[in-house]
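# Report on the structure
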Amino acid sequence: MVNRILIRVKVVQMLYAYLLTRSEFRIDPAPEAASRDKRFAYSVYLDVLQLIIELSGCNPQRRGNRQAAVLPPKLSTNRVGKALLDTDAIKNAMLKGNGSYEALRTCVPSLADAIGESAVYADYAKRRKLTLEDDVRLWTSLITTVIATSEAVEKAFRSNPEFSQVGYEAGLRQAVATLEAYNDSRAAYRNAHSDLQRSLDTAYGLYHHIFGLIIELTNAQADRIENAKRKYLATDQDRNPNTRFINNALVARLKENEGLQKYLKDHPMRWADEPALIKKLLDSIVASDIYQEYMKSPERSYEGDCSLWRNLVKNVILTSDDFAEELENRSIFWNDDLEIMTTFVLKTIGHFAKNPDSEVSLLPEYKDEEDAAFGSELFSLAVENREMYREYIDRFINVDQWDSERLAFMDIVIMTCAIAELMNYPSIPVPVTMNEYVEIANNYSTSRSGQFVNGILYAVVTYLEKEGLLKKN
C-alpha cells in the first residue's frame, strides 16, 4: 500500500536532509591567544589526523610514489581517511605543511607494520561487513595502542622546537575526541532512519484518515439536517429532508469496519476539531454537480453509493486548497503523500463496490516483507556507499558544461539513491529504476534535472555493465 514509488521519494527526501546537515568529523578550530602547550597540542592534533589519512592510503601525494609504505589491506578500504581528507581544515593544514608532519611521514612504514601486527587490526580485518562506525572505532584504538606508544612518532614530534610533553599528550587526546565525536553523526543517522520510517507510517495514516474524513463529513451533514428540523420556521423540505447522502451504504460499512475503526482509535485525529474545514468541504460537496446528480437520481444502489465517494474524494476533497493547507499543518509529509494515498483510497472504495456482501479489509501498509524493508535498506546502502557512488557520478560529468562542485545537491542525492538501487536490487529492471528517479528529479529538483540525471545514470549503467558490476536477474 505504501508502494515503492512513495518509498523512493521518502528515501531521497531523508537522504537529502541527512547529508545536508551531517558532519561526520568536526575539526576543532585553532586556539586563540594560546599558550605554547596549546599551540603544540593543536599542531599534534592536526598531524595525527593527517597521519590517519596517510595510513589509509588517501593522501594524493602517495600516488605513484614507489617508496610508499605497504599498508595493511583493509586500511585502504577504511573510510575514515577519505572522510577526513574531505574536510577543509585538514586540506588547509596539508597545504601549509603544518607542524611536524614531514618528519612524521618517515614513521609511516614502521607504523603500517605495527598496525598490521596489532590485535586491534586483526579483529577488524576478520569482520566481513564493516560500517563507518567500525572504521572510526579502529582508528580511536590505533591512536592509543599503536601511534601513542610509538617511539618513532614521539621522536618525530620532539624534532619540533615547539615540543612540549603536555601538548603532545593533549594533542593525541584531542584527535581521539574528534573521532569519538562521530557518535553524534551516528545519532543523526539513526534519527534519519527513524524519520524515514515515521514518514512512511504517517503516509499510511493519511490513507486511514481520509476514510475518517468521509465519515466525519457524513456525520456533519446529519447534524445539519437535524438542526434544520428544529428551526422555528422550518420548511417542508427541512422537515422531510432527502437522507440519501447520510444513509450512504459505503459510509455505513466504513463505520462498521473493524480494521478502520481500530486504527482510528489507536491513532486518533479528530476532524471534528476543525469545524471551519468541515464546513467548507461540506459546502463544496453539496454545491457540486456530483452531489446534486446523486441526490436526484431515481436509482439507488450500493455501487452508486461507492461511486459517489470515489468522485467526491477525487474531484472535491483532493482539489481543495483548504484541505491541502490543513494537511500541511498536521504533518510536513502529507502534501507529498496525498496523491498516492488518495489513489489507494479510491482503489479501496473500488474493492468495497465489488464486494457488497462480504467484509472488505483495508490495504496493509506494505505489499510484502521486501517492500517493508526496501526503504530502510536503500537508505543505508546510499549512506554507506555514497563516496563510491559519487565517484561514478563525477566520472561522467562533462567538466566543460558542468562544475561537479556546483551541481544541484538534490541531483546528487537522487543519483546516489538510483545507483544504490541499480547495484543492489537485481530483481528491479534498470528501466524501472531509471524512470522512477528521473521522475523524482523532474518533480523535486531543477527544470533541467530530469534530463541531466537521465544522461548521467545512462552513462553509469553502461560503465557498470561493462565492468561486470551490474547484475540483474
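Quick note: structure is the one above.
Residues numbered from 1 in each chain as written. Predicted model: local features only at pLDDT ≥ 70, side-chain atom pairs only at ≥ 80, totals over all residues. Heavy atoms only, no water.

This part takes up the layout of surface pockets. The computed volume of the second largest pocket comes to approximately 300 Å³. In this structure, the second largest pocket is lined by Gln 221, Arg 224, Ile 225, Ala 228, Gln 237, Asp 238, Pro 241, Asn 242, Val 286, Tyr 291 and Met 295. Here the lining of the second largest pocket is composed, by residue class, of six nonpolar, three polar and two charged. (1 Å grid on protein atoms, 1.4 Å probe; cavity = no way out; pocket = protein on both sides within 12 Å on 5 of 7 lines; lining within 4 Å. Points joined across faces, edges and corners; volume = space filled by probe spheres on them. Nonpolar A, V, L, I, M, F, W, Y, C, P; charged D, E, K, R; others polar.)

Judged by nonpolar contacts, the single largest core of 104 residues is most densely connected at Tyr 207, Trp 309 and Phe 379. It is helix 11 (residues 182-229) that contributes the most residues to this core, 15 residues altogether. Among all residues touching Trp 309, those that are not within four sequence positions of it are Ile 214, Leu 217, Thr 218, Phe 245, Asn 248, Leu 250, Val 251, Ile 285, Ile 317 and Ile 349. Core analysis: the second largest hydrophobic core is formed by 51 residues, Val 48, Cys 58, Met 94 and Leu 111 among them. (Core = buried A, V, L, I, M, F, W, Y, C linked by side-chain atoms within 4.5 Å. Buried < 20%, exposed > 50% of the residue type's maximum accessible area, 1.4 Å probe, protein only. Helix = DSSP H or I, 4+ residues; strand = E, 2+ residues; numbered from the N terminus. Contact = heavy atoms within 4.5 Å.)

Once that is clear, we can look at helix 17 (residues 302-317). Look at helix 17: 21 Å from first C-alpha to last across 16 residues, which is about the 22 Å you get at 1.5 Å a residue. Of all the residues in helix 17, the buried ones are Tyr 302, Asp 305, Cys 306, Leu 308, Trp 309, Leu 312, Val 313, Val 316 and Ile 317. (Expected span 1.5 Å × (residues − 1).)

A word on the pattern of salt bridges. The final tally for this structure, using the stated rule, is 25 salt bridges. We note a salt bridge from Glu 226 to Lys 229, for which the minimum N-O separation is 3.4 Å. Pair noted here: Glu 226 and Lys 229 are both in helix 11, with a separation of three residues, about one helical turn. A salt bridge links Glu 226 to Arg 230, with the shortest nitrogen-to-oxygen separation between them at 3.9 Å. The class of Arg 230 is exposed, set by a relative accessible area of 61%. Bridged by salt links that share partners, the residues Asp 123, Arg 127, Glu 133, Asp 134 and Arg 137 form one connected network. (Salt bridge = Lys/Arg side-chain N within 4 Å of Asp/Glu carboxyl O.)

The tally for this structure, following the rule as stated, stands at 19 aromatic pairs. Ring plane angle 40° and centroid distance 5.6 Å describe the contact between Tyr 42 and Tyr 45, whose orientation is recorded as tilted. Of this pair, Tyr 42 and Tyr 45 both sit in helix 2 (residues 36-55), three residues apart, roughly one helical turn. Exposure remark for Tyr 42: the relative accessible area of 13% places this residue in the buried category. Take Tyr 45: its relative accessible area is 0%, and that puts it in the buried class. Taken together, a centroid distance of 6.4 Å and an interplanar angle of 40° make the contact between Tyr 121 and Tyr 124 tilted. Here Tyr 124 and Tyr 121 lie together in helix 7 (residues 119-126), a separation of three residues that amounts to about one turn. Summarising the burial analysis for this pair, Tyr 121 and Tyr 124 share the class buried. Taken together, the aromatic side chains of Phe 40, Phe 157, Phe 163 and Tyr 168 make up a single cluster linked through ring pairs. The side chain of Arg 244 reaches across the aromatic face of Tyr 294, ending 4.2 Å from its centre. (Phe/Tyr/Trp six-rings, centres within 6.5 Å; stacked < 30°, edge-to-face > 60°. Lys NZ or Arg CZ within 6 Å of the ring centre and 35° of its normal.)

As far as function goes, none of this settles anything; it's purely spatial.
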